[in-house]
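These are the residues of each chain, in order.
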Amino acid sequence: MQPTADIPPRLVLKGTPREIGLAHGRQLQHQIKSQLEIYREMFEYTSKMDWPAVRVLAEEFRLTAEQSMPDIHAEMQGIAEGAGVDLLDVVALNCRSEISLGRFSDGCTTLAWKKSEQARVLSQNWDWTTSVGKNMAMLRIEQPGKPIVHMVTEAGLVGKIGFNSAGVGVGLNAIKAPVCASSKVPIHVALRLCLESVSVDAAVERLSSLGGAASSQYIVLADSSKSLGLELSPLGDVHIQEDRSGMIMHTNHFIVNNCVQQPPWLPGSPVRLRRCQELCDELIQAGVAGNQITPALLREKIFSDMYNAPEAICCSEDPSSHPTQKCSTLFNIVMSLEPGNVEAEVVFGRPGHGEESAVVKLPWGLEGEN
């Protein structure tokens, strides 16, 4: 049994986009530089691209951000300055999903569940290259005129998985597809824009106003009144509504979007989806509903499941994989989204297998603000 996971640093970032970026870069400079080395090796192995070639593509996305999303561009400039690295290095981190065209082996299983007409639970395991685990962070971002953002992310990224003070939550499943448009929004930037929105509908409108996603990905959005799955592609989007049980579940393949024909990828993805459905059906048949849908229950009954290991809902490393491809579940998050009660529980490591950290609550209290 491995030791329990370390709890990543907690950062409170306030002010202008540049000030937020500077604080991010300064406080996480060692992790950001480590990330650059990890992704440099991953790009060379998975995409046969050296870092100068990566930076050429990053410049295309930098121009789009500068023209269409100046606040995000200014924040990335601040991160780069604070960390003592080049702006294009930070842009490359934030666009790594687009530059790789899905050649990384990230997994993930997401589940949104309706507790009541005015309450939703949004949850997921995030599966990724194990070496990245040491470079994660929890951020609280406070900006004038925008909801407060609470997210779990990788050092150097402006957006990832989490929720905001308006009660909007977002999750992510990576999709592999050979289509990319640098004039559109990179997925990690899209996640941040969703986290700055006051509702699911406002988040969808924000992405649409910028031309949509730059690569094929899946985002699940939820607020207290609705959940919505977004199968995104530069060639067209398809939305998934809650099913008759009030659920939306997803893994790493498109279910309804036929705009992009995907090559075979991650054979465990359909297996995980079927398994998640089976486990959820068992809970429904047992009468689980409403306030019984707790973070502890979801971790125990769904997100710790090892069926079809190593490509299970709770992912474990494949010893035969290249070091850059050794993936495992790095954290589980369960967000409770209801008026007057917007919060999340996070465990870092593989839930239910002795590797997870203690439960971390978001938002955290004053003791975390240092």
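Up top is the structure.
Just so you know, these numbers come straight off a predicted model, no measurement behind them. (Residues numbered from 1 in each chain as written. Predicted model: local features only at pLDDT ≥ 70, side-chain atom pairs only at ≥ 80, totals over all residues. Heavy atoms only, no water.)

Asker: Whenever I open this one, the overall build of the protein confuses me. Can you help?
Answerer: Across its full length, the protein carries 10 helices and 14 strands. Over its C-alpha atoms the protein spans a radius of gyration of 19 Å, differing by no more than 12% from the 21 Å that the globule rule assigns to 370 residues. Summarising its shape, the C-alpha atoms of the protein cover approximately 55 × 45 × 45 Å along the three principal directions. Taking all 370 residues of the protein together, the buried fraction comes to 60%. (Helix = DSSP H or I, 4+ residues; strand = E, 2+ residues; numbered from the N terminus. Rg over C-alpha atoms; globule rule 2.2 N^0.38 Å. Buried < 20%, exposed > 50% of the residue type's maximum accessible area, 1.4 Å probe, protein only.)

Asker: Looking at this structure, how should I read the nonpolar core?
Answerer: A general trend in soluble globular proteins is that nonpolar side chains are found buried together. Ranked by internal contacts, the top residues of the largest apolar core, which has 90 residues, are Ile99, Trp126, Val152, Ile219, Leu221 and Phe331. Residues in contact with Leu221, not counting those within four places in the same chain, are Val168, Gly169, Val170, Cys194, Val200, Ala203, Val204, Lys226, Ser227, Leu228 and Leu230. In this structure, Trp113, Met247, Val288 and Leu297 belong to the second largest nonpolar core, which totals 18 residues. (Core = buried A, V, L, I, M, F, W, Y, C linked by side-chain atoms within 4.5 Å. Contact = heavy atoms within 4.5 Å.)

Asker: Which parts of the structure should I look at to understand the side chain of Arg350?
Answerer: In this structure, Arg350 sits in the loop between β13 (341-348) and β14 (360-362). Discounting residues that sit within four places of it in the chain, Arg350 has contacts with Met306, Cys314, Cys315, Ser316, Ser328, Thr329, Glu355 and Glu356.

Asker: Would you take a moment to explain the side chain of Asp89 for this structure?
Answerer: Here Asp89 shows up in helix α5 (residues 87-94). Note on Asp89: relative accessible area 11%, which makes it buried. Side chain to side chain, Asp89 and Trp51 meet in a polar contact 2.8 Å long. In contact with Asp89, other than residues within four places in its own chain, are Leu36, Trp51 and Arg55. (Polar contact = N/O pair within 3.5 Å; in protein donor to acceptor, adjacent residues only side chain to side chain.)

Asker: For this particular structure, what's the right way to read the pairing of strand β8 (residues 217-222)?
Answerer: A regular strand carries its side chains on alternate faces of the sheet. With six of its six residues buried, β8 lies for the most part within the structure. For strand β7 (residues 169-174) and β8, the ladder comprises six bridges, and the chain directions are antiparallel. Residue pairing for β8: Leu172 is matched across the bridge by Ile219. The turn joining β8 and strand β9 (residues 227-232), which pair antiparallel and follow one another in sequence, is formed by four residues. (Pairing = 2+ DSSP bridges.)

Asker: In this structure, what is going on with the sheet that holds strand β3 (residues 119-129)? I would like to understand it.
Answerer: Each strand in a sheet pairs with another by means of backbone hydrogen bonds, the pair being arranged parallel or else antiparallel. Pairing is antiparallel in the open sheet, where six strands are placed in the order β11-β2-β3-β12-β13-β14. Bordering the open sheet on either side are β11 (247-250) and β14, each of which pairs with just one other strand. Going from strand to strand, the sheet's axes swing by 15° on average, the running direction of each strand aside. With eight bridges joining them, strand β12 (residues 327-338) and β13 adopt antiparallel strand pairing. Among the inter-strand pairings, Val334 is bridged to a residue of β13, identified as Glu345. (Axes fitted to C-alpha atoms, helices over the stretch in contact; angles between N-to-C directions.)

Asker: Any chance you could explain the packing of helix α4 (residues 70-83) against α5 here in plain terms?
Answerer: What describes two packed helices is the angle between their axes and the distance between those same axes. Where α4 contacts α5, the axes come no closer than 8 Å and their chain directions differ by 120°. Taken together, the axis directions place α4 and α5 in an arrangement best described as oblique. Both α4 and α5 take part in a crossing whose hand is right-handed. Residues His73, Met76, Gln77, Ile79 and Ala80 of α4 form the contact with α5, whose participating residues are Leu87, Val90, Val91 and Asn94. A per-class count over the contact of α4 with α5 returns six nonpolar, three polar and no charged. (Parallel < 35°, antiparallel > 145°, perpendicular 65-115°, else oblique. Left-handed = near helix turned anticlockwise from the far one by under 90°. Nonpolar A, V, L, I, M, F, W, Y, C, P; charged D, E, K, R; others polar.)

Asker: Before we go on, may I ask you to explain helix α10 (residues 295-303) in this structure?
Answerer: Since the α-helix turns once every 3.6 residues, residues separated by three or four places project in the same direction. Inspection of α10 places Pro295, Leu297, Leu298, Arg299, Ile302 and Phe303 among the buried residues, and these make up the whole buried set. The elements touched by buried residues of α10 are β2 (109-116), β3, α9 (268-285), β12 and β13.

Asker: Even after reading the chapter, I still don't get the pattern of salt bridges, so can you show me in this structure?
Answerer: Where side chains of opposite charge bring their charged atoms close, a pairing between them can arise. Applying the stated rule across the entire model yields 23 salt bridges. Asp71 is paired through a salt bridge with Lys146; the nearest N and O atoms lie 3.5 Å apart. Placement of the pair is Asp71 in helix α4 and Lys146 in the loop between β4 (136-142) and β5 (149-154), with a sequence separation of 75 residues. Taking relative accessible area as the criterion, Asp71 reaches 40% and is therefore assigned partly exposed. Here Glu196 makes a salt bridge to Lys146, at a shortest N to O gap of 3.3 Å. (Salt bridge = Lys/Arg side-chain N within 4 Å of Asp/Glu carboxyl O.)

Asker: Which parts of the structure should I look at to understand the environment of Met249?
Answerer: By secondary structure assignment, the location of Met249 is in strand β11. The contact partners of Met249, leaving out residues within four places of it in the chain, are Thr110, Leu111, Ile255, Leu273, Cys276, Gln277 and Cys280.

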